[in-house]
Amino acid sequence: MLKARETLGIGAGASSGGSALALVPTMGALHEGHRSLIRLARERAAHVAVSIFVNPLQFGPAEDFSRYPRTFDADVEICEAEGVSVVFAPSAEDMYLPDRQVGVSAGGMGSVVEGEFRPGHLDGVLTVVLKLFNLVQPDVAVFGQKDAQQLAVIRRMVADLNLPVSIVGGPTVREPDGLALSSRNRYLSPEDRVTALALSRALTAGSARRAPAEIRRTALAVLEAEPSLALDYLVLVDPATFAEVGDDHAGEAILAVAARVGSTRLIDNVTLAAG
């Protein structure tokens, strides 16, 4: 990717003005949510790079790595339409040595919420993000708020490791009916898609409450009314640490949910004021 920087006429260490570079890391299968991140990146930098890499380190052995949607040609067309300067699409062999030994640990934040249900997932996310930062050398990196815990651990990695990258979070983009956009939505049957709407309905219902206990109880009632939905978790957490907040919490919190609809696992969240 250093060659891409040279093609753009961007020298190492460029950090302002017309030479700034923003990175939007993706796993491809781009949709309107990704477009919104690219547009946000264009507001922050003169040049935008989009990486497309389905990262094997963040998939568990029973997860959907092999069937994860790969739509490279369509993704490149979207990037061209959005004015992206560089598409970086490495192979797994480009990114990882056969005897790879060193990675990044998400620490305690990597073992709660998503980390409890997907052990090692956030370690894999941080490892590939750090490698992308080293290869692309962006001044800014843009991630979606829909993966709120991922965004939180990336912010923590940047702070803990003194990385010279500004992290920007982009708001979740939704369908008109409230379903959060996700590359995995294409797995849903028409019936499953109707069931999946319970996630956003639960978050909306919970957000109408103020007391933490009421927020949880109201949101859970919506989810429990959908018998075909298999709930992994519904939590109210601190946005910075993803530790669950107590019933006496007052201030900003994230209400996050993960559930399986048919064979598809979906996540969603909303930031709200509690207390």
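Residues numbered from 1 in each chain as written. Predicted model: local features only at pLDDT ≥ 70, side-chain atom pairs only at ≥ 80, totals over all residues. Heavy atoms only, no water.

1. As for the nonpolar core
And then number 1: In terms of nonpolar packing, the biggest core is built from 41 residues, with Val129, Phe133, Phe143, Met157 and Ile167 touching the most fellow members.
And then number 2: Elements represented by at least two residues in this core include exactly strand E1 (21-26), strand E3 (86-88), helix H6 (121-136), strand E4 (140-144), helix H7 (148-160), strand E6 (229-237) and strand E7 (251-261).
And then number 3: Element by element, the count of residues in this core is highest for H6, at nine residues.
And then number 4: With residues near it in sequence (within four places) discarded, Val129 still touches Phe143, Ile154 and Met157.
And then number 5: In this structure, Ala198, Leu203, Val257 and Ala274 belong to the second largest nonpolar core, which totals 24 residues. (Core = buried A, V, L, I, M, F, W, Y, C linked by side-chain atoms within 4.5 Å. Buried < 20%, exposed > 50% of the residue type's maximum accessible area, 1.4 Å probe, protein only. Helix = DSSP H or I, 4+ residues; strand = E, 2+ residues; numbered from the N terminus. Contact = heavy atoms within 4.5 Å.)

2. Section: the sheet that holds strand E8 (residues 264-274)
And then number 1: In space, the three strands of this open sheet follow the order E6-E7-E8, with antiparallel pairing throughout. Because the sheet does not close on itself, it has two edges, and the strands there are E6 and E8. Taken over all neighbouring pairs, the strand axes of this sheet differ in orientation by 15° on average, direction set aside.
And then number 2: Note that E7 and E8 share 11 bridges and pair antiparallel. Bridging from a neighbouring strand, Leu255 pairs with Val270 of E8.
And then number 3: Running over the sheet, helix H9 (residues 212-224) touches E6, E7 and E8 and is turned about 165° from E6. (Pairing = 2+ DSSP bridges. Axes fitted to C-alpha atoms, helices over the stretch in contact; angles between N-to-C directions.)

3. Remarks on helix H3 (residues 72-81)
And then number 1: Taken residue by residue, H3 has Asp75, Ile78 and Cys79 as its buried positions. Buried residues of H3, viewed axially, fall in a sector of 100°; they line one side. In H3, the exposed positions angled more than 90 degrees off the buried face are occupied by Asp73, Glu77, Glu80 and Ala81.
And then number 2: Positive backbone phi, at 75°, marks Gly83, one or two positions downstream of H3. (Arc of directions from axis to C-beta.)

4. Side note on the pairing of strand E2 (residues 47-52)
And then number 1: For E2, the buried fraction is high: six of the six residues fall into the buried class.
And then number 2: When E1 meets E2, the two strands line up parallel, connected through six bridges. The partner of Leu21 across the bridge, within E2, is His47.
And then number 3: Handedness of the crossover is the feature at issue here: the chain leaves E1, passes through helix H2 (residues 32-44), returns alongside E2, and the resulting connection is right-handed. (Right-handed = clockwise from strand over helix to strand, strands pointing away.)

5. So, the pattern of salt bridges
And then number 1: Counted according to the given criterion, the structure contains 14 salt bridges.
And then number 2: Among the salt bridges present, the one from Asp64 reaches Arg184, with a minimum N-O distance of 2.9 Å. Taken together, the positions of Asp64 in the loop between E2 and H3 and Arg184 in the loop between strand E5 (166-170) and helix H8 (190-207) put the pair 120 residues apart, joining distant regions of the chain. For the pair formed by Asp64 and Arg184, the shared burial category is buried.
And then number 3: The partner of Glu226 in a salt bridge is Arg201, and the shortest N-O contact between them spans 3.5 Å. In this pair, Glu226 is assigned in the loop between H9 and E6 and Arg201 in helix H8, connecting sequence segments 25 residues apart.
And then number 4: Taking relative accessible area as the criterion, Glu226 reaches 18% and is therefore assigned buried. (Salt bridge = Lys/Arg side-chain N within 4 Å of Asp/Glu carboxyl O.)

6. Quick notes on the sheet that holds E2
And then number 1: The five strands lie next to each other as E3-E2-E1-E4-E5, forming an open sheet whose pairing is parallel. Taken across any chain shown, the strands that pair with only one partner, and hence form the sheet edges, are E3 and E5. Averaged over neighbouring strand pairs, the angle between their axes works out to 25° when direction is ignored.
And then number 2: Where E4 lies against E5, five bridges are found, and the strand directions are parallel. Across the sheet, the residue bridging to Gly144 is Gly170, located in E5.
And then number 3: Along the sheet face, H6 touches E1, E2, E3, E4 and E5 and points at about 145° away from the line of E1.

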